[in-house]
Amino acid sequence: KAGVTQTPRYLIKTRGQQVTLSCSPISGHRSVSWYQQTPGQGLQFLFEYFSETQRNKGNFPGRFSGRQFSNSRSEMNVSTLELGDSALYLCASSLAPLRNTGELFFGEGSRLTVL
Amino acid sequence: KNEVEQSPQNLTAQEGEFITINCSYSVGISALHWLQQHPGGGIVSLFMLSSGKKKHGRLIATINIQEKHSSLHITASHPRDSAVYICAVLNNNDMRFGAGTRLTVKP
């Protein structure tokens, strides 16, 4: 059974650009949640999608957005990149929504560097 | 004060020792997760708890909802247990994370 796949694994952007990251969940999983991890702030929750609907959003500016497709694959987009957006972006999938789920399955992450 | 506090921040143990990592939180929660992160970034979900105690192999996790406290225990620790252990609480569909405990187990 394939795990959670995130692409790209590494990318470098410059300030002001925008970036799109992709997350393919485990087959059958309908919930995808996104997280940002930085050395200073640690792990922070970005948002959760379930059945193509955003269920929750963390405390991030509107530059951070996402969506989920009918096949449960999810994308997140960051516009007008800032240096502070440099981070490891992780997604996790689960069968049920976050508040009901027993186990989360994480991808390896996409490491974004903003120059 | 952070809503999720972990202790200790760093922990070094000898192989075979019994390890305890603590997590205290200040918000109402629906569930608590213990996560393990190895160098390189990969995260593995160890436990999800909403009450009581769970055991998986050498790992035991407990939660006391009234005291807003959870512990992760590792029995007979091994160098492969070396990782960062992160406590995460689910609150109104928002997940909050502790800063993590970096565990090093020496042979």
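Residues numbered from 1 in each chain as written. Chains lettered and ligands numbered in written order. Predicted model: local features only at pLDDT ≥ 70, side-chain atom pairs only at ≥ 80, totals over all residues. Heavy atoms only, no water.

1. Digging into the interface of chain A and chain B
Then comes step 1: At the junction of the two partners, chain A supplies 17 residues and chain B supplies 15 residues.
Then comes step 2: At the boundary of chain A with chain B, total buried surface from both sides reaches about 1,600 Å², with 57% on carbon and sulfur atoms.
Then comes step 3: Broken down residue by residue, the surface that chain A buries against chain B is led by A:L43, A:R99 and A:F106, which jointly contribute 34%.
Then comes step 4: At the surface where chain A touches chain B, the tally comes to 0 salt bridges.
Then comes step 5: Viewed at the interface, chain B and chain A are joined by 1 residue pair in polar contact (both at pLDDT 80 or more). (Contact = heavy atoms within 4.5 Å. Buried area = accessible area lost by both parts, 1.4 Å probe. Salt bridge = Lys/Arg side-chain N within 4 Å of Asp/Glu carboxyl O. Polar contact = N/O pair within 3.5 Å; in protein donor to acceptor, adjacent residues only side chain to side chain.)

2. Comments concerning the packing of aromatic side chains
Residues and elements named next belong to chain A.
Then comes step 1: Scanning the entire structure with this criterion turns up 5 aromatic pairs over all chains.
Then comes step 2: Judged by centre distance (5.7 Å) and plane angle (45°), the rings of Y35 and F106 are tilted. Of the two residues, Y35 is situated in strand β4 (residues 31-38) and F106 in strand β10 (residues 105-106); the sequence distance between them amounts to 71 residues.
Then comes step 3: Judged by its relative accessible area of 0%, Y35 falls in the buried class.
Then comes step 4: Their ring planes at 70° and their centres at 5.7 Å tell us that F47 and Y49 sit as a pair that is edge-to-face.
Then comes step 5: The class of F47 is buried, set by a relative accessible area of 0%. (Phe/Tyr/Trp six-rings, centres within 6.5 Å; stacked < 30°, edge-to-face > 60°. Helix = DSSP H or I, 4+ residues; strand = E, 2+ residues; numbered from the N terminus. Buried < 20%, exposed > 50% of the residue type's maximum accessible area, 1.4 Å probe, protein only.)

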